[in-house]
Amino acid sequence: MAKTLKHRLKRCAAAVAFLGWTALPASAEDKIVHDAEFYVLQAQNGERWAAEDKVLDQKLQELREKFGRPPNIIHIMWDDTAFGDVGIPAIQKVRGLETPNINKMAEDGILFTRMYTEVGCTPSRAASATGRHPVRNGMYNIGMLLESHGIRDEEVTIAEVLSQAGYATAFHGKWHLGDVEQSYPHNQGFDEAFFTGYNQILSLWTRVGEGGNGTMGLYEDMLPADPYKLDDTFITKGWVQVAEGVKGGETRQWGDNSYENYLKIDPEAQRRTLEFIERQAKADKPFYVANWPMMASFIPNPPQKCSVARSLLQNGLQCNVDPFIGQVMAKLKELGVAENTLLIAMADNGPMSHNSPPGTGFTETIFRGGKGDFLEGGARVPAFAWWPGVIETGQVVGDIIHETDLFTTFARLGGATQHIPTDRVIDGVDQTALLLNGDTHSRRDYVFIYAGPKLGATVKGNYKRHWISPDPVGEASGIPAAFYFLPSDTRERKPMLTNLIHLKRPFNRMLLRHELWRQKYPDSSDANGIPWTGLTDASPEVQALAKPQIDRSKLPFDPLEYVEHLDELPFDPDMDPDFGQ
């Protein structure tokens, strides 16, 4: 596919004007640069959108005059949940859990039926934070223990954008956007941060996990000595479970790497979020806070089994995330700021239906596929918006929205659009109209879904094209059965050739526009470096990460040289296209 695409790009260079670039206004370089497909929509709907924006601007101005400041913004995002597992009581009855607060949020606001995300934790969080597909900044790798990578200084986060507009900003919970110093959230625009560099596997990287074979061989001192061991540098010996810091200040490890400390992460993150909300409300200052929970532990914790399903996912949602969302809504009402606060709650990607530990409760529901898949089940998630007095209650919205849109929408609501960088593609589009005017007011009807650095599929309205195709023979001949009509095939089991072959050229145009625009605005890479530097209280083990255990004079190479080449590690070009089996 890559060679074919490269050939197509060369051949179509002369047809740039035909592919839609002429839709760009002359002053485009002074404005936000969106994906090419957005301009095709703008050329057809721009006048209507401009008229709608005038009304929206007036409404936002009236709200600002009423409350004396722009709205507060809260973004709560948890892990690996299939569409329908929260917010839809009938499905919850089948799945064995209850989330009354999230369901009430849906009843009092918007339940999105087509919120798309990236397909994994790290890329999804990068997309939300920067408004950009992670392929554009190299953040498509899922960060694991001592990943030695993270989001670059040059990326601009929503925290940085809103900070420039006078917002107080805070991050609490699962950051998962790197373990190198420049990627720490308080180095990425947040005034204060309490964060993890990795995911829930931290619960297994403990002595309790080693004792139960949840992790095998990480704590070598707990195991019989291996008489055949020659390399003492292979197994990781130092890392940080949780860190905290403030903008321009110190970074410190919070607690230790024990299982007991892991169980304290969400309660502490929730305490800090509620305290931050109260502190800023009393100071009469607009605030943006992201709380992305760890949600659960990969080690069964019997005292917390409160759901009928008795599984990690259901217990994490019912016993942890849902009560916290209820506390947030109650706190906002108590402080009298609910009507000037937008609350977004959502999952970061679909269920961990591949290779999940036993007893986790992950499964596909309506859509096939899960975390890691470009199928609907991997990237179409439960999501809700709540803003009393502003968002009309009881809405079930069928419009397409992507998590990158939150970046641009938050900036618009905060009066900070002018601080969005204009030297790069911002995939997120402003969805203020969708929030305030409701169903049918989205400004996108398309989504590009990446599998790592590769484009897996494109959605346009109710149609979907798999670029990583289950029909390699047809793909080679140029007539693949890779087109899907989603309303009648939510499982993406029945690709149509004859019925939908008329979509071949339209989807090809979309792909070529998208790739040509990537040529004009080339992708960058993530940041690589020594993990967990800059901590004022670093343990000897963490300090040793920057000091190889081998005498460098005894090696014909620099033992840390590999860090500079991490981006060269390839993804499998022959990845199995039959996801979700």
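Refer to the structure above for everything that follows.
The model shown is predicted, which means the values in this text are computed figures rather than measured ones. (Residues numbered from 1 in each chain as written. Predicted model: local features only at pLDDT ≥ 70, side-chain atom pairs only at ≥ 80, totals over all residues. Heavy atoms only, no water.)

(A) Structural detail: the packing of aromatic side chains. Here the structure, examined in full by the defined rule, presents 23 aromatic pairs. Aromatic side chains F171 and W175 sit 4.9 Å apart centroid to centroid with 70 degrees between the ring planes, which places their arrangement in the edge-to-face category. For F171, a relative accessible area of 0% puts it in the buried group. With a relative accessible area of 0%, W175 lands in the buried category. Measuring from centroid to centroid gives 6.1 Å for Y446 and F448, while their planes differ by 65 degrees, and the two rings are edge-to-face. Assigned by exposure class, Y446 and F448 land together as buried. Positioned above the aromatic ring of Y446, the side-chain terminus of R444 is 4.9 Å from the ring centre. (Phe/Tyr/Trp six-rings, centres within 6.5 Å; stacked < 30°, edge-to-face > 60°. Buried < 20%, exposed > 50% of the residue type's maximum accessible area, 1.4 Å probe, protein only. Lys NZ or Arg CZ within 6 Å of the ring centre and 35° of its normal.)

(B) Inspection of the nonpolar core at higher detail. Membership of the largest hydrophobic core comes to 116 residues, with the highest contact counts inside it found for W78 and F112. Ranked by residue count, the leading element in this core is helix α10 (residues 312–335), at nine residues. (Core = buried A, V, L, I, M, F, W, Y, C linked by side-chain atoms within 4.5 Å. Helix = DSSP H or I, 4+ residues; strand = E, 2+ residues; numbered from the N terminus.)

(C) Quick peek at the sheet that holds strand β15 (residues 463–466). In space, the four strands of this open sheet follow the order β13-β14-β15-β16, with antiparallel pairing throughout. Looking at strand neighbours, the two that pair on one side only are β13 (446–451) and β16 (483–485), the edges of this open sheet. Pairwise comparison of adjacent strand axes, ignoring direction, gives a mean angle of 20 degrees for this sheet. (Pairing = 2+ DSSP bridges. Axes fitted to C-alpha atoms, helices over the stretch in contact; angles between N-to-C directions.)

(D) Here's a closer look at α10. In this model, α10 (24 residues) spans 33 Å end to end at C-alpha, consistent with the 34 Å of a helix rising 1.5 Å per residue. Most pronounced at V321, the bend in α10 amounts to some 30 degrees, and the proline P323 follows within four residues. Of all 24 residues that make up α10, 17 are buried, and the element is covered over most of its length. Looking at the residues trailing α10, positive phi occurs at G336, about 75 degrees. (Expected span 1.5 Å × (residues − 1). Bend = angle between axes of the 7 residues up to and from the residue.)

(E) Quick look at the environment of A106. The residue A106 is located in helix α4 (residues 100–107) in this model. Between the C-alpha atoms of A106 and D79, which are 27 residues apart in sequence, the distance is 18 Å. Ignoring sequence-local partners within four residues, the contact set of A106 consists of L111, F384 and G394. (Contact = heavy atoms within 4.5 Å.)

(F) Structural detail: unusual backbone geometry. One non-glycine residue, R310, lies in the positive phi region at around 60 degrees. Tracing the backbone shows R310 in the loop between β8 (287–292) and α10. Judged by its relative accessible area of 59%, R310 falls in the exposed class. Despite not being glycine, E492 has its phi angle at roughly 50 degrees, a positive value.

(G) Representation of the layout of surface pockets in the model. Looking at the second largest pocket, its volume works out to about 760 Å³. Looking at the second largest pocket, it is lined by 28 residues, and the ones nearest its centre are L146, T233, F234, T236 and Y562. Among the residues making up the lining of the second largest pocket, the classes are represented as 17 nonpolar, seven polar and four charged. (1 Å grid on protein atoms, 1.4 Å probe; cavity = no way out; pocket = protein on both sides within 12 Å on 5 of 7 lines; lining within 4 Å. Points joined across faces, edges and corners; volume = space filled by probe spheres on them. Nonpolar A, V, L, I, M, F, W, Y, C, P; charged D, E, K, R; others polar.)

(H) Representation of empty space enclosed by the protein within the structure. Applying the stated criterion across every chain, the model contains three cavities of 30 Å³ or more. Size it by volume and the largest cavity reaches roughly 50 Å³. Lining the largest cavity are D79, D80, Q200, M294, M295, A296, F298, L312 and F362. Taken together, the residues of the lining of the largest cavity sort by class into six nonpolar, one polar and two charged.

(I) Quick peek at the pairing of β15. Pairing geometry for strand β14 (residues 454–460) and β15, over four bridges, is antiparallel. Looking at the pairing, K460 lines up with Y463 of β15. Connecting the antiparallel pair β14 and β15 is a turn made up of two residues, with G461 showing a positive phi of about 60 degrees.

(J) A look at the pairing of strand β2 (residues 110–116). Within β2, seven of the seven residues are buried, leaving the element largely enclosed by the surrounding structure. Alignment of β2 against strand β10 (residues 380–386), held across five bridges, turns out to be antiparallel. Across the sheet, the residue bridging to L111 is F384, located in β10. For β2 and strand β11 (residues 395–397), the ladder comprises three bridges, and the chain directions are parallel. The residue of β11 that forms the bridge with F112 is V397. Where β2 lies against strand β12 (residues 401–402), two bridges are found, and the strand directions are parallel. Residue pairing in the sheet places M115 in a bridge with I401 of β12.

(K) Broad picture of the pattern of salt bridges. As enumerated under the stated definition, the model contains 42 salt bridges in all. Residue R136 is joined to D427 by a salt bridge in which the shortest nitrogen-to-oxygen separation is 2.8 Å. One end of the pair, R136, is in the loop between α5 (121–130) and β3 (149–150); the other, D427, is in the loop between α12 (404–413) and α13 (432–437), and 291 residues separate them in sequence. Across this residue pair, the class does not change: R136 and D427 are buried. In this structure, the salt-bridge partner of R491 is E364, at a minimum N-O distance of 2.6 Å. Here E364 lies in the loop between β9 (341–347) and α11 (376–379) and R491 lies in the loop between β16 and α15 (504–520), a separation of 127 residues in the sequence. Several salt bridges share partner residues, and in doing so they unite E52, D53, D57, R412, D430 and R443 into one network. (Salt bridge = Lys/Arg side-chain N within 4 Å of Asp/Glu carboxyl O.)

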